[in-house]
Amino acid sequence: MEIENVVLANWEYFTSGEKMDKIKTGKWMIFFDFFDARDVIRSYCEKSVVEEIVSTAKLSSMPNKDGNGVACFFLEIDDLDRHKKIINFLIENNLIPKKKNGDYYNLSFKLDEQTRNNEYNESFKSVLKLEELIDLRTGEWKQ
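For the structure given in this document, a descriptive report is provided here. This one's a predicted model, so the numbers in the text were calculated from it and none came from an experiment.

Side note on the pattern of salt bridges
Move 1: Inspection of every chain in the model, using the stated rule, returns nine salt bridges.
Move 2: Across the pair Arg42 and Glu12 runs a salt bridge whose closest N-O atoms are separated by 2.9 Å. Linking Arg42 in helix α1 (residues 34–50) with Glu12 in strand β2 (residues 11–15), this pair joins segments that are 30 residues apart in sequence.
Move 3: Looking at Glu12, the relative accessible area reads 4%, which means it is buried.
Move 4: Here Arg116 and Glu113 are joined by a salt bridge, their closest N and O atoms 2.8 Å apart. With Arg116 and Glu113 both in helix α3 (residues 112–116) and three residues apart, this pair spans about one turn of that helix.
Move 5: When its relative accessible area of 31% is taken as the criterion, Glu113 is described as partly exposed.

Notes on the pairing of strand β1 (residues 4–7)
Move 1: Where β1 meets β2, four bridges bridge the pair, whose relative direction is antiparallel. The residue of β2 that forms the bridge with Glu4 is Thr15.
Move 2: In sequence, β1 turns back onto β2 through a hairpin of three residues.

So, unusual backbone geometry
Move 1: The phi torsion at Glu52 lies on the positive side, around 60°, for a residue other than glycine.
Move 2: Note that Glu52 resides in the loop between α1 and β4 (56–60).
Move 3: Phi is positive for Asn94, which is not a glycine, with a value near 55°.
Move 4: For Asn94, the location among the structural elements is in the loop between α2 (80–92) and β6 (108–111).

The rules behind each value
Residues numbered from 1 in each chain as written. Predicted model: local features only at pLDDT ≥ 70, side-chain atom pairs only at ≥ 80, totals over all residues. Heavy atoms only, no water. Salt bridge = Lys/Arg side-chain N within 4 Å of Asp/Glu carboxyl O. Helix = DSSP H or I, 4+ residues; strand = E, 2+ residues; numbered from the N terminus. Buried < 20%, exposed > 50% of the residue type's maximum accessible area, 1.4 Å probe, protein only. Pairing = 2+ DSSP bridges.

In short, the description is geometric, and any link to function would need to be established separately.
Here it is in structure tokens:
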């Protein structure tokens, strides 16, 4: 599959060009140590698009003030097949962090509309949490 790679000041994108519904589009976000993991995370972003797991992925081109970066994997909120594909991909590649007790962190899916509305930290209320899809202890699907 032919994908487009775009590098901007703050973001690097990989996209197949597939159109998504602006209202339904959102992302699963993975935070990482920019200096230790950016090259590895970049390869996973590219792979996720090449393998048609998601149609678009992006990652930070620059670290934040704490030296961290973020990778975003985009899909429509009601596309259960793609949620399964990307979450399985993230689990298989150890990209979802685990707590000390071994449980997966309960990641939040964030709609792009929420980002456009500047919903961050306390003002952000997730419309979909990882625990609604998988057992956080085992990683097994609930549906």
